[in-house]
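Commentary on secondary and tertiary structure
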Amino acid sequence: MKHFCIAAGAALASVIAAVVPAAAWQPTKSVEFVVTSGPGGGTDNFARIVQSIIAKHKLIEQPVVVLNKGGGSGAEGYIYGKGAKGDAHKVVFGTNNAYLLPYVAKLGYKLSDLTPVSALALDEFLIWVKGDAPFSDAKAYIEAAKAKPGSFKMAGSQSKDTDQTLTAMIQEATGAKWIYVPFQGGGAAATQLAGGHVDSNTNNPNENIGQWKAGQVKPLCVFSPVRLAKSDPIHDGKGWGDIPTCKEAGLPLEAFQMPRTVWLPAEVPADAVAYYADVMEKVSKTPEWAEFIARTAQTARFMKGKELTEFVAKDEAANAKVFKNEGWVVN
Amino acid sequence: MISRFQAEIATALATLAFGFVIVNGAREFGIGWDSSGPQPGAFPFYCGLLIALASLGTIATTVGRRMGGSAALARVFLDKEQGKRVLSFFLPMLAFVVLSVTLGMYVAMLLYLVFAMRFQGRYGWLPSLATAFGTVAFFYFGLEKFAQVGLLKGPVEATLGL
Amino acid sequence: MENFASLLHGFEVALTAHHIALMFAGVLLGILVGVLPGLGAPNGVSLMLPLTFAMDPVSAIILLTSLYWGALFGGSTTSILFNIPGEPSSVATTFDGHPMAKQGRATEALSFAFLSAGIGAMAGVILITLLSGWVARFALKFSSPEYFAVYFMTFASFVGLGGASPLKTIVSMAMGFAFASIGMDSVSGNVRLTYEFDVLLAGVSFLIAVIGLFGLGELLQTMEEGLRFDGVKAKVRPRDVLATALKLPRYWLALLRSSIIGIWMGITPGGPTAASFMSYAMAKRSSRNPEKFGKGEPEGVISPETADHAAGSAAMLPMLALGIPGSATAAVMMGGLMIWGLNPGPMLFVERPDFVWGLIASMYLGNVVAVIVVLATVPLFASILRIPFSIIGPVIVVVCFIGAYTVGNKQFDIWLALAFGIVGYLFKKLDYPIAPLVLAMVIGDKAEDAFRQSMIFSQGSLSIFWSNPLVASLMAIGLALLLFPLIGSTRRGIRKLVTARAAKA
């Protein structure tokens, strides 16, 4: 009992310490969360969850306003961030598209127009096929696709985005060939697969969970270095943790994950970057965040500073290689 | 005074120009048909072409009817009196836009409403100012405070610290 | 029968004092955001979203859907009173609603709009109740070719409406398509037609175009004609609301037809906007006096409103059962569902029947509440038109530009709205039809995407559009809608020619 009291006291002290700001910079007016997707998109959910956690735990003293700028696959939001040079009251939420978009489209911003703050999670990608498809594992599906090149269809959201990049990587690694059909978002790709109009998609867990629960689609493997965290069974006694990684399944592909990233405009004070990184780190330690991660079957991974810049450099290089091979690079 | 004929031709020339802008912009992305259907530029290209052709058609038929002595075309499109009325509404509106961009929307709103009521509606200063301030306050509290939607702000808001 | 029992259970969930209070609050807030410029339903729902994190999901969705109904009604109000549609789906309401208001029949127009909207919504909800299982399965059959066929049907029904010069109709519609293709093209990943202006990256918003073409264009024309709103003369009597309600049964055929069109477009992915346009077109085509449309014909208000709301409520079903949002507002609500810990999808009906049927029951109750509240506000709103024009005119201008700015928080959009205002004024004076431009802008890019996705599916073969009975029959209906008026007008032309010849001889 005494031990418990001490432990509780220590925890309380650390909470109090956490509330007292470590950095010298503080927001002086309302903070704008700029979301690089439309309402209801993956990045929108990400930003709004962070907003709700910040509000609940009062992690930022000033009010937080969410602003959707999803035009041009999110480029609109980043260009808005570029225009707000030096303004530390604008925080841009995105994915790896922050540094990948300028490769594939002529856009009015560069990565150097943004200051990296942190990444909070990695979203996962899986190969999904129809629930009643005759393939029991990834290997069988790839072989079938190889046997009839150009007749299997892969659904994804948009062109030259993560889904098509991953499809290109799989094609490169296995020699199979798909017809890639770009839809408006992962939700549409999920229904198209459930309706049997395409043969597979590479959706994130959250985009296909509803269809998996109903047995309309099934996952073959996950493009993650390790298996996903264990979960309650979702369909037929299987949960997220029971899905083999694609490497286990015999696909010569290491990993493909999408970071959920947070940025500030260029030329903001270093203290401001530290302040937001600190806030985001606190967010990533709340039970609400853990619950969100578990429900959407993402991988929790907080990164800031050097770790983040290294991750970005590595991810950028791997994707840029695919873009070059596919002839997507515009500049 | 502008005749209907002049207005028809001027508008058709403007849409013709718009059509060319679209056609020119679309060419960059390929306008043909490849193995996976139309190329990205094809759809806008043909839309632009259609605009241009239909505009030319409008010009041709308008000129044709004019030569045929159509009475409708000789009629007045906008007489002096009408022109004055439209401009008396349009110019303050334009001023409102310019002021919005330079001084912020709330200040522009205030000036515009006072001007329209006091000098165009010939209301007294008191009702004019009261209505203008009331409207501005309504939008300020409704949008900025309640709904947390920000409007364009200028130097005045900055000095007031809003 | 099973559904009926579930629904009764749903009413038990929804019919509490707490929930009814939430409905009233939601509807009132919704009307406010619907009437206020630049807020609109998607904005209103996302504003309330943080408040709902602490609620239980049933209460939260009741609040948000009630807000949505309220906002839809609010949007129709501005369409009728000021010719400014708040939502794409209320554009068609302006065609006859605003002329009615200008003739001093605002009370009648508003009452007709709200009552028929309520009836449409009821039709949609009843369908959901009866056919929930079937609709979900049916919607899965839709892929890109079917999507395209549905959009094609909408265009086809509208093109033949005529009235204006065919050349000018082509200019107007092609301009709409061209505007719709500006910005990111998701099928190819290219940024099109922006001429490297960053402000065009997100495309030209439909709302900006509508604010300019309809709102500002209308004001300029009103000024030129030296007209004031005739509403000044009209007395606003609450009794008129009842009188209008009693007239409604006369339009039973329009109500029935529009409900069917609305439900059909709601469960196929056409959506409320396509439904309202198509319903308006069909009403005009089947009317004995089509020349009255556009000049203040009540049927021109009843038809689009009924279809709009029937489609809006019927479209809730695909959203819940498939997880595809049918509109921006639905997308925000779906985001909400996920935050509350629910996964929209086929299993939602099995896993959380209390939630689903509570929601469906609340759609019945919410719409009744909304119609009552909104009818009570008719006299208030109709009185707005009695304010002298030199005050209300500039206020509408301000409202238009606030709306334009808040769409995307861009200074550029203010200029764009002004430009569209001039275009709207010129087009109206020179008899260019504006409706085709708006329709093309709203569903043009979706139609283009669906067409190109279909071509990727078939690897460039057009035969995909009659590759299965569903898409083939949709295309056949579309072609029939397109060709009938042409055949009709050629026949009339020939007959005229023949009689002229006969007269000569």
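See the structure shown above.
Residues numbered from 1 in each chain as written. Chains lettered and ligands numbered in written order. Predicted model: local features only at pLDDT ≥ 70, side-chain atom pairs only at ≥ 80, totals over all residues. Heavy atoms only, no water.

1. A word on the overall build of chain C
Along the backbone of chain C there are 21 helices and two strands. Taking 505 residues into account, the globule formula puts the C-alpha radius of gyration at 23 Å, and chain C, at 23 Å, falls close to it. Dimensions of chain C along its principal axes, counting C-alpha atoms only, are 75 × 60 × 50 Å. Residue pairs in contact within chain C that sit at least 24 positions apart in sequence constitute 80% of those at least 6 positions apart. Split by element, the accessible area of chain C, about 17300 Å² in all, is 68% carbon and sulfur. Each charge sign in chain C was given a centre, from 32 positive and 27 negative side chains, and these centres are 14 Å apart. (Helix = DSSP H or I, 4+ residues; strand = E, 2+ residues; numbered from the N terminus. Rg over C-alpha atoms; globule rule 2.2 N^0.38 Å. Contact = heavy atoms within 4.5 Å. Areas by Shrake-Rupley, 256 points an atom, 1.4 Å probe, with all protein chains shown as cover. Lys, Arg positive; Asp, Glu negative; His and termini not counted. Charge placed at Lys NZ, Arg CZ, Asp CG, Glu CD.)

2. Describing the overall build of chain B
A count of helical and extended segments in chain B gives seven helices and four strands. Helices and strands in chain B line up, N terminus first, as β-α-β-β-α-α-β-α-α-α-α. Since a compact globule built from 162 residues should have a radius of gyration of about 15 Å, the 24 Å found for chain B marks it as more spread out than a globular shape. Oriented by its inertia axes, the alpha-carbon framework of chain B measures out at about 60 × 50 × 20 Å. Relative to all contacts within chain B whose residues are 6 or more apart in sequence, the contacts with residues 24 or more apart total 54%. Summed over all atoms, the accessible surface of chain B reaches about 8300 Å², with 70% contributed by carbon and sulfur. In chain B, 12 positive and 7 negative side-chain charges are present, and the distance between their average locations comes to 13 Å.

3. Thoughts on the packing of aromatic side chains
In total, this model carries 50 aromatic pairs over all chains according to the counting rule given. Measuring from ring centre to ring centre gives 5.0 Å for Phe125 of chain A and Phe256 of chain A, while their planes differ by 65°; the resulting arrangement is edge-to-face. With Phe125 of chain A in the loop between strand E4 (114–124) and strand E5 (126–130) and Phe256 of chain A in the loop between strand E9 (217–222) and strand E10 (257–265), this residue pair connects regions lying 131 residues apart in the sequence. The pair Phe125 of chain A / Phe256 of chain A is uniform in exposure class, with both members buried. Taking 5.1 Å as the distance between ring centres and 40° as the angle between the ring planes, the aromatic pair formed by Phe18 of chain B and Phe179 of chain C counts as tilted. Placement of Phe18 of chain B in helix H1 (residues 4–27) and of Phe179 of chain C in helix H8 (residues 166–180) is noted, with the two residues assigned to different chains. Each residue in the set Phe33, Phe46, Phe93, Trp289 and Phe292 of chain A is aromatic and connected to the rest through ring pairs, giving one cluster. (Phe/Tyr/Trp six-rings, centres within 6.5 Å; stacked < 30°, edge-to-face > 60°. Buried < 20%, exposed > 50% of the residue type's maximum accessible area, 1.4 Å probe, protein only.)

4. Points about a nonpolar patch on the surface
Residue and element names in this part refer to chain B. A cluster of nonpolar side chains, Phe115, Phe119, Trp125, Leu129 and Phe133, forms an exposed patch at the surface whose accessible area comes to about 500 Å². Looking at the nonpolar patch, the elements with two or more residues in it are helix H5 (105–120) and helix H6 (125–147). Within the fold, Phe133 resides in helix H6. Using a relative accessible area of 48% as the deciding quantity, one classes Phe133 as partly exposed. (Patch = residues over 30% accessible without salt bridge, like charges linked within 9 Å, V, L, I, M, F, W, Y side chains within 5 Å. Salt bridge = Lys/Arg side-chain N within 4 Å of Asp/Glu carboxyl O.)

5. Thoughts on the packing of helix H2 (residues 42–67) of chain B against H8 of chain C
Look at H2 of chain B against H8 of chain C: their axes get within 8 Å of each other, and the N-to-C directions meet at 155°. The angle between H2 of chain B and H8 of chain C places the two elements in the roughly antiparallel class. In terms of crossing hand, the pair formed by H2 of chain B and H8 of chain C is left-handed. Residues Phe43, Cys47, Leu50, Ile51, Ala54, Ser55, Gly57, Thr58 and Thr61 of chain B of H2 of chain B lie in contact with H8 of chain C, whose contacting residues are Leu167, Lys168, Ile170, Val171, Ala174, Met175, Phe177 and Ala178 of chain C. Its residues assigned to classes, the contact of H2 of chain B with H8 of chain C comprises twelve nonpolar, four polar and one charged. (Axes fitted to C-alpha atoms, helices over the stretch in contact; angles between N-to-C directions. Parallel < 35°, antiparallel > 145°, perpendicular 65-115°, else oblique. Left-handed = near helix turned anticlockwise from the far one by under 90°. Nonpolar A, V, L, I, M, F, W, Y, C, P; charged D, E, K, R; others polar.)

6. Observations concerning the interface of chain B and chain C
Interface size, as often reported, equals the accessible area lost upon joining of the parts. Contact residues are listed per partner, giving 61 residues for chain B and 64 residues for chain C. Both sides of the chain B and chain C interface together cover about 5600 Å² of buried area, and 80% of this is carbon and sulfur. Counting the surface chain B buries against chain C, the share from its top three residues, Phe43, Phe77 and Phe89 of chain B, is 11%. In this structure, the connection of chain B to chain C is made through two salt bridges. Arg4 of chain B is paired through a salt bridge with Asp431 of chain C; the nearest N and O atoms lie 3.2 Å apart. For the side of chain B that touches chain C, the elements supplying multiple residues, two or more each, are H1, strand E3 (37–38), H2, strand E4 (76–78), helix H4 (80–103), H5 and H6 of chain B. (Buried area = accessible area lost by both parts, 1.4 Å probe.)

7. Observations concerning the nonpolar core
As a rule of thumb, soluble globular proteins bury nonpolar side chains together. Counting residues in hydrophobic clusters, the biggest one holds 191 residues, and the most contacted among them are Met109 and Phe139 of chain B together with Phe95, Leu337, Phe355, Phe401 and Val438 of chain C. Broken down by element, the residue count for this core peaks at 18 residues, all from helix H17 (residues 353–384) of chain C. Mapping this core onto the domain boundaries places at least three of its residues in each of domain 1 (2–78) and domain 2 (80–160) of chain B. Listed in part, the 51 residues of the second largest apolar core include Ile243 of chain A together with Val150, Met153 and Phe465 of chain C. (Core = buried A, V, L, I, M, F, W, Y, C linked by side-chain atoms within 4.5 Å. Domains from an automatic or database assignment.)

8. Thoughts on empty space enclosed by the protein
The rolling of a water-molecule-sized probe over the atoms marks out the regions of remaining empty space. A complete count under the given rule lists two cavities of 30 Å³ or more for this structure. Here the residues of the lining of the second largest cavity sort into three nonpolar, four polar and two charged. (1 Å grid on protein atoms, 1.4 Å probe; cavity = no way out; pocket = protein on both sides within 12 Å on 5 of 7 lines; lining within 4 Å. Points joined across faces, edges and corners; volume = space filled by probe spheres on them.)

9. Some thoughts on the pattern of salt bridges
A complete count under the given rule lists 33 salt bridges over all chains for this structure. Two residues, Lys130 of chain A and Asp132 of chain A, come together in a salt bridge whose shortest N-O distance is 3.5 Å. A single network of salt bridges, built from pairs that share partners, joins Arg4 and Glu8 of chain B together with Lys168 and Asp431 of chain C.

10. What about the sheet that holds E9 of chain A?
Reading across the sheet, the five strands line up as E7-E6-E8-E5-E9 (chain A) and stay open at both edges, with mixed pairing between neighbours. Pairing within the sheet leaves two strands with one partner each, and these edge strands are strand E7 (178–183) and E9 of chain A. The strands touched by helix H20 (residues 435–458) of chain C within the sheet are strand E6 (152–157) and E7 of chain A, with E7 of chain A carrying the most contacts at an inclination of about 170°. (Pairing = 2+ DSSP bridges.)

11. Observations concerning the sheet that holds E10 of chain A
Sheet strands pair via backbone hydrogen bonds, and the direction of the pair is either parallel or antiparallel. Residue and element names in this part refer to chain A. Pairing is mixed across the open sheet formed by six strands, whose spatial order is E2-E1-E3-E10-E4-E11. Lying at the two open borders of the sheet, with one neighbouring strand each, are strand E2 (64–68) and strand E11 (299–304). Geometrically, the sheet is characterised by an average inter-axis angle of 20° between neighbouring strands, direction not taken into account. Summarising the sheet, strand E1 (residues 31–35) and strand E3 (residues 90–94) pair through four bridges and their orientation is parallel.

12. Focus on helix H7 (residues 144–159) of chain C
Along its 16 residues, H7 of chain C runs 22 Å from first to last C-alpha, staying within 8% of the 22 Å computed at 1.5 Å per residue. Taking burial as the measure, the 16 residues of H7 of chain C include 14 buried ones, the bulk of the element. (Expected span 1.5 Å × (residues − 1).)

13. Examining the packing of helix H6 (residues 162–174) of chain A against helix H11 (residues 305–326) of chain A
Residues and elements named next belong to chain A. Orientation of H6 relative to H11, taken along the N-to-C sense of each, is 75°, at an axis distance of 10 Å. When the axes of H6 and H11 are compared, the pair comes out roughly perpendicular. In this structure, H6 contributes Thr165, Ala168, Met169 and Glu172 to the contact, and H11 contributes Ala318, Asn319, Val322, Phe323, Asn325 and Glu326. For the contact of H6 with H11, the per-class residue count stands at five nonpolar, three polar and two charged.

Keep in mind these values describe shape, not function.
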